[in-house]
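Each chain is listed here by its residues.
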Amino acid sequence: MELLKRRIEQDGKCYEGGILKVDSFINHQMDPRLMYKIAEEFVKRFDGVQINKVVTIEASGIAPAILVGYVMNLPVVFVKKKQPKTMENMLSTTVHSFTKDRDYTVCISNNFLQADDHILFIDDFLAYGNAALGMIDLAEQAGATIAGMGFIIEKAFQDGGKKLREKGVRVESLAIIDDLSDCKIVIRQ
Ligand code: 5GP
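Just so you know, these numbers come straight off a predicted model, no measurement behind them.

**Student:** Teacher, can you tell me more about the sheet that holds strand β10 (residues 186-187) here?
**Tutor:** Think of a sheet as strands paired side by side through backbone hydrogen bonds, with each pair either parallel or antiparallel. Here we have 6 strands laid out as an open sheet, ordered β4-β3-β7-β8-β9-β10, and mixed in their pairing. Two strands lie at the open edges of the sheet, namely β4 (76-79) and β10, each paired on one side alone. Strand direction decides the pairing type here: strand β3 (residues 53-57) and strand β7 (residues 118-126), joined by 3 bridges, are parallel. Looking at the pairing, V54 lines up with L120 of β7. Those strands touched by helix α1 (residues 2-11) are β8 (145-155), β9 (171-179) and β10, and its axis lies near 35° from that of β9.

Below is the structure:
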């Protein structure tokens, strides 16, 4: 997606350890117009795929996911990183956080992820694929189908994309970063 790639070139910042900072338009301050165009691009790419629900993981996936749900006119559910005492029929799994370097338990209510669901999973970044694999585990527990996964930014030099595609998951990434070494952002054209 050209608009997104140009914005990453213009405003993205590179950090040690293969981290791309996009907090001026995605992760902290957000650009709603860009986010809406991101949602439209996901909708275009998943056109014709059977989807009845959009699922994401808090916090940074919520903004793009809710706009995708708005454009597709579908409900949006987010996987929670804290287990509320009041959650009914909880499904949970463990996810390793790349940016925080720790494991945490994430959960979703079975009431909102069911066996007849065909879900589109949306997230901001695809790095090693831990969040996405956690989502696959939750979907398996519920008996739900993963219709596809959409990421705003995929870091191709980490192997999440490879893992998911090898599992047969339909993955769409709107900007693919091939390298971040030497603090240079190399975007696939
Ligand atoms: P994964 O689970 O694929 O290993 O990592 C994806 C999650 O880690 C994303 O939801 C995102 O929040 C965070 N993440 C991974 N890499 C980056 C990065 O380079 N920059 C930012 N801002 N977040 C990242």
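**Student:** When you look at the pattern of salt bridges in this model, what are you seeing that I'm missing?
**Tutor:** Two side chains bearing opposite charge may form a pair once their charged atoms approach each other closely. Tallied over the full model, the rule gives 15 salt bridges. A salt bridge links E154 to R165; its shortest N-O distance comes to 2.9 Å. On the criterion of sequence distance, the pair formed by E154 in strand β8 and R165 in helix α5 (residues 160-166) is long-range, its members being 11 residues apart. Across the salt bridge formed by E166 and K162, the nearest N and O atoms sit 3.5 Å from each other.

**Student:** Is there a simple way to think about the nonpolar core in this case?
**Tutor:** By size, the foremost hydrophobic cluster in this structure holds 31 residues, and its most contacted members are L4, I8, I38 and I153. Elements supplying a minimum of two residues to this core: α1, α2 (32-45), α3 (62-72), β7, β8 and β9. A total of 5 residues in this core trace back to one element, the largest contributor, which is α2. Non-local contacts of I153, meaning those with residues more than four positions away in its chain, are made with I8, L20, V22, I26, D124, F125, L126, A175 and I177. If you look at the next biggest cluster of nonpolar residues, it comprises 25 residues, including L91, M149, L164 and V171.

**Student:** Help me out: how do you make sense of the pairing of strand β6 (residues 102-109) in this one?
**Tutor:** As defined by bridge partners, strand β5 (residues 90-97) adjoins β6 across 8 bridges and the pair is classed as antiparallel. Bridge pairing in β6 links T93 to V106. Remark: 4 residues form the turn of the hairpin made by β5 and β6, two consecutive strands paired antiparallel; D101 in that turn has positive phi of roughly 50°.

**Student:** Is there a simple way to explain the site of the ligand in this structure?
**Tutor:** With respect to spatial proximity, 16 residues lie near the ligand, and among them L20, A127, G129, A131 and K155 are the closest. Taking N27, its side chain carries an N or O atom lying 3.1 Å from a nitrogen atom of the ligand. Side-chain polar atom of K155 to an oxygen atom of the ligand: 2.7 Å apart, as the coordinates give it. Considering the ligand on its own, with 500 Å² of exposed area, one finds that the protein chains cover 87% of that surface.

**Student:** Explanation requested: the environment of N89 in the structure shown.
**Tutor:** Mapping N89 onto the fold places it in the loop between β4 and β5. Placed 11 residues apart in sequence, N89 and F78 show a C-alpha to C-alpha distance of 15 Å. With residues near it in sequence (within four places) discarded, N89 still touches I108, S109, N110 and N111. A polar contact is formed between the side chain of N89 and the side chain of N111, at a distance of 2.6 Å.

**Student:** How should I be thinking about α3 in this particular structure?
**Tutor:** Residue pairs three or four apart in sequence face the same way in an α-helix, which turns once every 3.6 residues. Those residues of α3 lying buried are P64, A65, L67, V68, G69 and M72. Each element contacted by the buried residues of α3 is listed here: α2, β3, β4, β7 and β8. Directly after α3, the chain includes N73, whose backbone phi takes a positive value near 60°.

**Student:** Explain α1 here, please?
**Tutor:** Residues of α1 that are buried: L4, K5, R7 and I8. Each buried residue of α1 sits inside an arc of 160° when the element is viewed along its axis, so together they form one side. Packing partners of the buried residues in α1 comprise β2 (19-21), α2, β8, β9 and β10.

Conventions adopted
Residues numbered from 1 in each chain as written. Predicted model: local features only at pLDDT ≥ 70, side-chain atom pairs only at ≥ 80, totals over all residues. Heavy atoms only, no water. Pairing = 2+ DSSP bridges. Helix = DSSP H or I, 4+ residues; strand = E, 2+ residues; numbered from the N terminus. Contact = heavy atoms within 4.5 Å. Axes fitted to C-alpha atoms, helices over the stretch in contact; angles between N-to-C directions. Salt bridge = Lys/Arg side-chain N within 4 Å of Asp/Glu carboxyl O. Core = buried A, V, L, I, M, F, W, Y, C linked by side-chain atoms within 4.5 Å. Buried < 20%, exposed > 50% of the residue type's maximum accessible area, 1.4 Å probe, protein only. Near = heavy atom within 4 Å. Polar contact = N/O pair within 3.5 Å; in protein donor to acceptor, adjacent residues only side chain to side chain. Areas by Shrake-Rupley, 256 points an atom, 1.4 Å probe, with all protein chains shown as cover. Arc of directions from axis to C-beta.

Limitation: the analysis is restricted to geometry and does not speak to function.
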